[in-house]
Amino acid sequence: MIINNVKLVLEDRVVNGSLEVSDGVIRSFADGSSGLPQALDGEGGWLLPGLIELHTDNLDKFFTPRPNVDWPAHSAMSSHDALMVANGITTVLDAVAIGDVRDGGHRLDNLQKMIDAVIHSQRAGVNRAEHRLHLRCELPHHSTLPLFEQLMDKPGVSLVSLMDHSPGQRQFAAHEKYREYYQGKYNLNDGEMDAFEQEQIAMSARWATPNREAIAAHCRARGIALASHDDATAAHVSESCALGSVIAEFPTTEAAARASHQQGLQVLMGAPNIVRGGSHSGNVAAHHLAALGVLDILSSDYYPASLLDAAFRLAADPRNGYDLPQTVAMVTRNPARALGLDDRGTIGEGLRGDLVLARPHGEHIYVQNVWRQGKQVF
């Protein structure tokens, strides 16, 4: 496969040229055009490495498209996979929650079903993107560690994040934000919310620390990448580093993001935060961290189309010093390196032919074609 007339987004520059892929890997690229008649004309579009998504909750939406609607696994997985590649994502870590902030939550109901769907579809070769697993461990829950120990050796487990969504912790350091979020989510009156809050505080005191230490030890023993989640203070960051974390997911304050970056953690923020111009929960804005030079990875989180959009928006934003290769690295090279995936994430000879051809239409960027290991999947 040869692609002509494209703007190649390399690690350190953008060049007009062409690229050749064979047997699933990039064989060569050049700043000139190929004269072979079978070459595809890229019509001046950007050719990027395939996007790498470390944290998406998108799978949930297809397994439970409406409350109390349980969708067939093969159909849900296929639809989710198609949406990923349509947005240029060729490697995706599907995030599943272990433990829950409320017994009976639909994520717990669908947990095994979703994990089986990811593993079986990947093994069968029917997925367009490469799907792996991200185990999100809600620490203040009695079921978290036993569930994790059942799942930690499953095929494709590539990232584990440690979360504590109890009141007064990390994302919910502000008490009023905690009550506002969960009263709305579970439709609780004030009395029910008071009881729920006290239950969560008690569970955090009982389970969070032992679960955190045990799960981190399992990850270190298995070489599974570990991520903190919603760190708010320098003390949180120090704890995360001591446990062996390599990624800081969604730090909620500038202080935590700075400390994470300084201590070598890859700071991951939500691409929707960039697209919307700020955090929907009132935490630090991703574009502010970009302006400070402490933003390393973007995740589409709950909206897959935001990943490519955010990379181009950041590069065009005069408030920070990032160019397009640097912002594209946030959705390609940097997440690959955080996971130890050295076969993808950049355009280079001998690397996987995971590629995205994107082109502008007005102020927006659209995905035109996607290849995974040289095979066109969109």
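Please read these numbers as outputs of a predicted model, since none were measured by experiment.

So, how was this worked out
Residues numbered from 1 in each chain as written. Predicted model: local features only at pLDDT ≥ 70, side-chain atom pairs only at ≥ 80, totals over all residues. Heavy atoms only, no water. Buried < 20%, exposed > 50% of the residue type's maximum accessible area, 1.4 Å probe, protein only. Helix = DSSP H or I, 4+ residues; strand = E, 2+ residues; numbered from the N terminus. Arc of directions from axis to C-beta. Pairing = 2+ DSSP bridges. Contact = heavy atoms within 4.5 Å. Phe/Tyr/Trp six-rings, centres within 6.5 Å; stacked < 30°, edge-to-face > 60°. Lys NZ or Arg CZ within 6 Å of the ring centre and 35° of its normal.

### Topic: helix α4 (residues 144-151)
Turning to α4, its buried residues are Thr144, Leu145, Leu147, Phe148 and Leu151. Within α4, the buried residues cover an arc of 160 degrees as seen down the axis, which keeps them to one side.

### Some details on the pairing of strand β15 (residues 364-372)
Note: strand β14 (residues 355-361) against β15, seven bridges, orientation antiparallel. Within β15, the position partnered with leucine 357 by the bridge is asparagine 369. The hairpin formed by β14 and β15 contains two residues between the paired strands, and glycine 362 there has a positive phi angle of roughly 65 degrees. Alignment of β15 against strand β16 (residues 375-376), held across two bridges, turns out to be antiparallel. Bridged to tryptophan 371 within β16 is glutamine 376. Linkage of β15 to β16, two consecutive antiparallel strands, is achieved through a turn of two residues, within which glutamine 373 is found at a positive phi near 50 degrees.

### A few points about the side chain of asparagine 58
Within the secondary structure layout, asparagine 58 lies in helix α1 (residues 58-63). Asparagine 58 gets classed as buried once you look at its relative accessible area, which sits at 2%. With near-sequence residues (within four places) excluded, asparagine 58 lies in contact with His80, Leu83, Met84, Asp301 and Pro304.

### Things to note about the packing of aromatic side chains
Using the criterion set out here, one finds one aromatic pair in the structure. Seen from their ring centres, tryptophan 46 and phenylalanine 312 are 5.0 Å apart, and the 65 degrees between their planes marks the pair as edge-to-face. Note that tryptophan 46 is positioned in strand β5 (residues 46-49) and phenylalanine 312 in helix α11 (residues 306-316), a separation of 266 residues in sequence. The two residues tryptophan 46 and phenylalanine 312 agree in class, both being buried. Across from the ring centre of tryptophan 46, 4.7 Å away, lies the NZ or CZ of lysine 7, which sits over that ring. The ring of tryptophan 207 has arginine 206 lying over it, and the distance from NZ or CZ to the ring centre is 3.9 Å.

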